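Take a look at the letters that make up each chain.
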Amino acid sequence: MILGKIWSAFRAQLNKIANLFWEADPVAQMRYEYDLAVEQLKEGRKGLEIYRALVERVNRQVDKGKSHVQK
């Protein structure tokens, strides 16, 4: 009985030490999430640039087609 309590207390102390070392730093975690968000925004901008170029190309083709029909 007493050995069980001692063992339980010892495991609790080891758990505290392990949590101290494995606990994530909140500032570092937020910085990591910020960096991920910035990367996602950069990728989104690249996608929007590609989409915009496609739309402009299609608009030019439409304008060219309209002028061709008018001729």
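Just above, that's the structure.
A. Here's a closer look at the overall build of the protein chain. Within the protein chain one finds 2 helices and 0 strands. For the protein chain, the C-alpha radius of gyration of 31 Å lies well beyond 11 Å, the compact-globule estimate for 71 residues. Once the C-alpha set of the protein chain is aligned to its principal axes, its extents read approximately 100 × 25 × 10 Å. For the protein chain, the exposed surface amounts to about 7,400 Å²; the carbon and sulfur share of it is 62%. A distance of 5 Å separates the average location of the 13 positive side-chain charges in the protein chain from that of its 9 negative side-chain charges.

B. Structural view of the packing of aromatic side chains. In this structure the tally under the stated criterion is 1 aromatic pair. With a centroid separation of 5.8 Å and 35° between ring planes, the pair formed by Trp-7 and Phe-10 is classed as tilted. Of this pair, Trp-7 and Phe-10 both sit in helix α1 (residues 2-22), 3 residues apart, which is roughly one turn of that helix. The exposure class assigned to Phe-10 is partly exposed, which follows from its relative accessible area of 43%.

C. How the structure looks around the environment of Val-58. Note on placement: Val-58 falls in helix α2 (residues 26-70). Taking the C-alpha atoms as reference, Val-58 lies 71 Å from Ser-8; in sequence the two are 50 residues apart.

D. Just the environment of Arg-52, in detail. If you trace the backbone, Arg-52 turns up in helix α2. With 36 residues separating them in the primary sequence, Arg-52 and Lys-16 have C-alpha atoms 54 Å apart.

E. Summary view of the pattern of salt bridges. A full pass over the atoms with the stated rule returns 2 salt bridges. Put simply, Lys-42 and Glu-39 hold a salt bridge, and the shortest N to O gap is 3.9 Å. Pair noted here: Lys-42 and Glu-39 are both in helix α2, with a separation of 3 residues, about one helical turn. For Arg-52, the salt bridge identified is with Glu-56, shortest N-O distance 3.2 Å. With Arg-52 and Glu-56 both in helix α2 and 4 residues apart, the pair spans about one turn of that helix. With relative accessibility at 57%, the residue Arg-52 sits in the exposed group.

F. Just the environment of Leu-41, in detail. With respect to the helices, strands and loops of the structure, Leu-41 is situated in helix α2. A residue is classified by how much of its surface remains accessible, and Leu-41, at 56% relative accessible area, is exposed.

Cut-off values and rules
Residues numbered from 1 in each chain as written. Predicted model: local features only at pLDDT ≥ 70, side-chain atom pairs only at ≥ 80, totals over all residues. Heavy atoms only, no water. Helix = DSSP H or I, 4+ residues; strand = E, 2+ residues; numbered from the N terminus. Rg over C-alpha atoms; globule rule 2.2 N^0.38 Å. Areas by Shrake-Rupley, 256 points an atom, 1.4 Å probe, with all protein chains shown as cover. Lys, Arg positive; Asp, Glu negative; His and termini not counted. Charge placed at Lys NZ, Arg CZ, Asp CG, Glu CD. Phe/Tyr/Trp six-rings, centres within 6.5 Å; stacked < 30°, edge-to-face > 60°. Buried < 20%, exposed > 50% of the residue type's maximum accessible area, 1.4 Å probe, protein only. Salt bridge = Lys/Arg side-chain N within 4 Å of Asp/Glu carboxyl O.

This is a description of form; function is not addressed.
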